[in-house]
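Fold and contact review
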Amino acid sequence: MSDKEESGTAHGFLHELSDESGPIHANGLGYVNPKSGGRGEDLAPRAAVTNSMISSSTRLLASMRATSSARTALPLLLSASPRKAIPSFAAPPPRALSLAPGLGLPSPRRLPPPRISSMAVSSVAAPERHDAGDWYSVPDLSLRDHRFTVPLDYSAAAGSSITVFAREVVAVGKEEQQLPYLLYLQGGPGFESPRPTEASGWLKRACEEYRVRGTGLSTPLTVSSLSQIMSATKLVEYLQHFRADNIIKDAEFIRSCLVPDSGTWTVLGQSYGGFCAVTYMSFAPEGLKSVLLTGGIPPIAKGCTADVVYRACFEQVVHQNEKYYKRFPQDVKVICDLVNYLAKAEGGGVSLPSGGILTPRGLQTLGLAGLGSGGGFERLHYMFERVWDPELVPGMGKRISYYFLKAFESWIDFDTNPLYALLHESIYCQGAPSQWSAHKIRGEYDSIFDPIKAAKECRPVFFTGEASMIFPWMFDEIHALGPFMEAAHLLAEKEDWPPLYDISRLNNNKVPVAAAVYYEDMYVNFKLAMETASEIAGIRLWVTNEYMHSGLRDNGYQVFEQLIGMLQGKKPWF
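Summary of the structure given here. Bear in mind the structure is a predicted one, so any value in this text is a computation, not a measurement.

Calculation notes
- Every chain begins its residue count from 1, and numbering advances along the sequence as written.
- The model is predicted, so local features are restricted to residues of pLDDT at least 70 and side-chain atom pairs to those at 80 or more, both for listing and for counting; the totals for chains, interfaces and linings are taken over all residues.
- The side-chain values count all of the structure's non-hydrogen atoms but skip hydrogen atoms and water molecules.
- Throughout, nonpolar core names a set of buried Ala, Val, Leu, Ile, Met, Phe, Trp, Tyr and Cys residues whose side chains join them through atoms within 4.5 Å.
- Buried, partly exposed and exposed residues are distinguished by accessible area as a fraction of the type maximum, computed with a 1.4 Å probe on protein chains only: under 20%, between the cut-offs, and over 50%, respectively.
- Helix and strand assignments come from DSSP, with helices taken as H or I runs of at least 4 residues and strands as E runs of at least 2, each series counted from the N terminus.
- Only heavy atoms matter for contacts: two residues are in contact if any of them lie within 4.5 Å across the pair.
- Strand pairing is assigned whenever DSSP identifies at least 2 bridges connecting the two strands.
- Salt bridges are counted wherever a side-chain nitrogen of Lys or Arg sits within 4 Å of a carboxyl oxygen of Asp or Glu.

Overview of the nonpolar core
Core analysis: the largest hydrophobic core is formed by 134 residues, its most contacted members being Leu239, Trp265, Leu363, Phe384, Phe404 and Phe414. Sorting elements by how many residues they give to this core places helix α6 (residues 306-327) first, with 10 residues. Setting aside chain neighbours within four positions, we find Leu363 in contact with Ile335, Leu338, Val339, Leu342, Leu358, Phe384, Phe404, Phe408 and Phe463. Grouped together as the second largest cluster of nonpolar side chains are 27 residues, Val169, Val559, Leu563 and Met566 included.

Observations regarding the pairing of strand β9 (residues 181-185)
For β9, a buried count of 5 out of 5 residues is recorded, marking the element as mostly surrounded by other parts of the structure. Bridge analysis of β9 against strand β11 (residues 265-270) gives 4 bridges, and the strand direction is parallel. Bridging from a neighbouring strand, Leu183 pairs with Val267 of β11.

Here's the deal with the pattern of salt bridges
Evaluated as defined, the whole model comprises 17 salt bridges. A salt bridge links Glu168 to Arg144; the shortest N-O distance between them is 3.1 Å. With Glu168 in strand β8 (residues 161-171) and Arg144 in strand β7 (residues 141-151), the pair connects residues that are 24 residues apart, well separated along the chain. Taking the relative accessible area as the measure of exposure, Glu168 reaches 0% and is therefore buried. With a closest N to O distance of 2.8 Å, Glu444 and Arg311 form a salt bridge. One end of the pair, Glu444, is in helix α13 (residues 437-444); the other, Arg311, is in helix α6, and 133 residues separate them in sequence. Residue class for Glu444 comes out partly exposed when judged on its relative accessible area of 45%.

The analysis is restricted to geometry; functional conclusions fall outside its scope.
As structure tokens, this is what we get:
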């Protein structure tokens, strides 16, 4: 990515650039989407930015269908995770939905079935039910659980249903106050949101003004639950209902149940949760009071944008690798030795505790978690400190430690969260197949990312990241994914994915929007995010290199405070 300095012209945009490791400082920056005012052609590469006016208080509500939200599926309950959200399933596996507590919710009731069109999601048709539990508490927070029965397929409301779980969260003592709602959409697809254990981070700040709702107990689509569907074709038919379009339909159903008089709410979307929020703005803006995006502005072009995304992401992944080895040059030899060891092993790798195999190309996938989030470099380095077992018996030779092998599997997470592997590329598809896009684009960069060649030449072995997940060979090497190989191939060739965005409606957007755009985001490419931002009328951007993709997790109070200040007009535009 280019580091050339440019200054935007919209609203007297000013900025200062710092050195590579320092934060970007903004001097009264205000970047407003060109669709609603002046065009700031090319924001400076490292610029802090903007604010947007939005309503002040809301109840936090997060709904999740099959994924957790940054690059995440459904909205999740209050905690933010770097990357995505997970769905929940009850009897037929439910989509999980996170809601934020505020005022007391209406008592459980059956609602008349609203109707929902293919392009509008403000109502729902089907037998639906809402059950609310009793209040309970964690330090400084009161929580209440909700379960909703909703259609699996909104176009066939008489068919199967799923259960969506939502957790309502509010500051202690505010259980019966009339607070606005905030819906939190977690990152994903396929990773659940952390459960709230105390009032801290962005949740603490949100509960000062909002009633927060989020998921916490919904059953995710796991290896064991998905294995109940024996046919690959039927599994594809089932999974196709767990993208952003249906997540938003779930959210609208829950809004009609929980928000008094079916009023509007504010949405906070982290990573993939932000993608879902932009889908919400496209097809059901009437349900939105305002929107906050953190590392979650999606590519919105028609067709499949995966090729464009992965090419752009590869550039940032290379940059992150260069920074990692500059920070820890001693790891070059450690990782080269490990790759050579794996390459020489029988079968091209060593067995993992779960039954899979660790190969040189599998080792590279550690970059997904290690290169793109706060503290990731350090955690990756410390992991490699314990890669080898000590030689207690002379002549036994070098062996990879069980500690390292177990740590590797814990980082990858596919044994517990297979949905990301199955649906990740589909989040970029509208009427076109992905055709294993990451695998195809990786081939264009093979000279840079070939681990065995790099190790033989004693040069840094580059890790892969968002740009290189998901590959077809992973369904051979990761034991838990093996049963889903045929379904994965069918999903990669599926063409009839429905629309996720309406560019015309976004061009005429009336919903107040504020977004945190991370300049060095490895998961949501900065340049592509800025291209989309130029299509969303009225959006105000805070561009910064002070945080990576995990900013909401790393310093959630500050990030939320910045965005809500922009929405409330407390931050100057210029």
